[in-house]
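Results of the structural survey
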Amino acid sequence: MMNEGVRPTDEQWAAIETNDKTYNECFLYGVHSTKICCKPSCPSRLPHREKVCIFHSLEEAMAQGFRPCKRCRPENVILPNDEWVALINAFLETHYMYDVTLDKLAACFHGSKFHLSRIYKEMTGETLTQHITQLRLTEAKRLLNNTTLRTHP
């Protein structure tokens, strides 16, 4: 079972809240809900404190299943685009039924919405909207084919 990590101290949390770059060499923080690790100066949306854990190195974070942020690139490690798109697709397969916007995806996957959109289209040959629509249509067909409801005469 994976360790949940050390919770941030008040000082560390203040550094995360204010995107204080002076702490970048002191620690990284991971967000349990996204499994992404960031520098304290990362401009991404502020996570809930209870979902944050602290790491002293990228290796420690990655050993716990976290991946480096595409926005702040801790220790200049970049997640390959194909892995990034695979993570986005896995997320979409479980969240297509919700209001998934490009802004929300960019915040969740720590990248700019323009970069995310461009890379996604380049790697898959379809837009995010096309992919979400296809997921929704596939589920609608499955539900229609497997319904026990009777049609009205």
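Residues numbered from 1 in each chain as written. Predicted model: local features only at pLDDT ≥ 70, side-chain atom pairs only at ≥ 80, totals over all residues. Heavy atoms only, no water.

With respect to the packing of aromatic side chains
In plain terms, the rule: What counts as a ring pair is set by centres within 6.5 Å for rings of Phe, Tyr and Trp (its six-membered ring), and what kind of pair is set by the plane angle: stacked under 30 degrees, edge-to-face over 60, tilted for all other angles. We count a charge as sitting over a ring when the NZ of a lysine or the CZ of an arginine lies within 6 Å of the ring centre and within 35 degrees of the ring normal.
For the coordinates displayed, the defined rule picks out three aromatic pairs. A cation over an aromatic ring shows up here: lysine 35 above the ring of phenylalanine 66, its NZ or CZ 4.1 Å from the ring centre. Just above the ring of tryptophan 84 sits the side chain of lysine 70; from NZ or CZ to the centre is 4.5 Å.

Overview of the packing of helix 3 (residues 81-95) against helix 6 (residues 128-145)
Note the cut-off: Only the contacting stretch of a helix is used when fitting its axis, a line to C-alpha atoms as for every element, and angles between N-to-C directions run 0 to 180 degrees. Here a helix means four or more residues in a row that DSSP labels H or I, a strand means two or more in a row labelled E, and each is numbered from the N terminus. Our angle categories are set so that under 35 degrees counts as roughly parallel, over 145 as roughly antiparallel, 65 to 115 as roughly perpendicular, and the remainder as oblique. Rotating anticlockwise by less than a right angle from the far helix to the near helix defines a left-handed crossing, while the corresponding clockwise rotation defines a right-handed one. Contact criterion: two residues are considered in contact whenever any of their non-hydrogen atoms come within 4.5 Å of each other. Classification used: nonpolar for Ala, Val, Leu, Ile, Met, Phe, Trp, Tyr, Cys and Pro, charged for Asp, Glu, Lys and Arg, polar for all others including Gly.
Packing of helix 3 against helix 6 leaves a shortest axis separation of 10 Å and a crossing angle of 40 degrees. In terms of their interaxial angle, helix 3 and helix 6 are classed as oblique. Crossing handedness for the pair helix 3 and helix 6: right-handed. Only Leu128, His131, Ile132 and Leu135 of helix 6 make contact with helix 3, whose side of the interface consists of Ile88, Asn89, Leu92 and Glu93. When grouped by side-chain class, the residues that make up the contact of helix 3 with helix 6 number five nonpolar, two polar and one charged.

Remarks on the layout of surface pockets
Applied cut-off: Residues are called lining when one of their atoms sits within 4 Å of a cavity or pocket point, these points coming from a 1 Å grid over the protein atoms alone, where a cavity is a set in which a 1.4 Å probe fits but cannot get out and a pocket is an open set with protein on both sides within 12 Å along at least five of seven lines. Grid points are joined across faces, edges and corners, and a volume is the space filled by probe spheres set on the points.
By volume, the largest pocket amounts to about 240 Å³. Residue lining of the largest pocket: Val31, Ser33, Thr34, Arg45, Leu46, Pro47, His48, Lys51, Ala107, Cys108 and His110, and that is the complete set.

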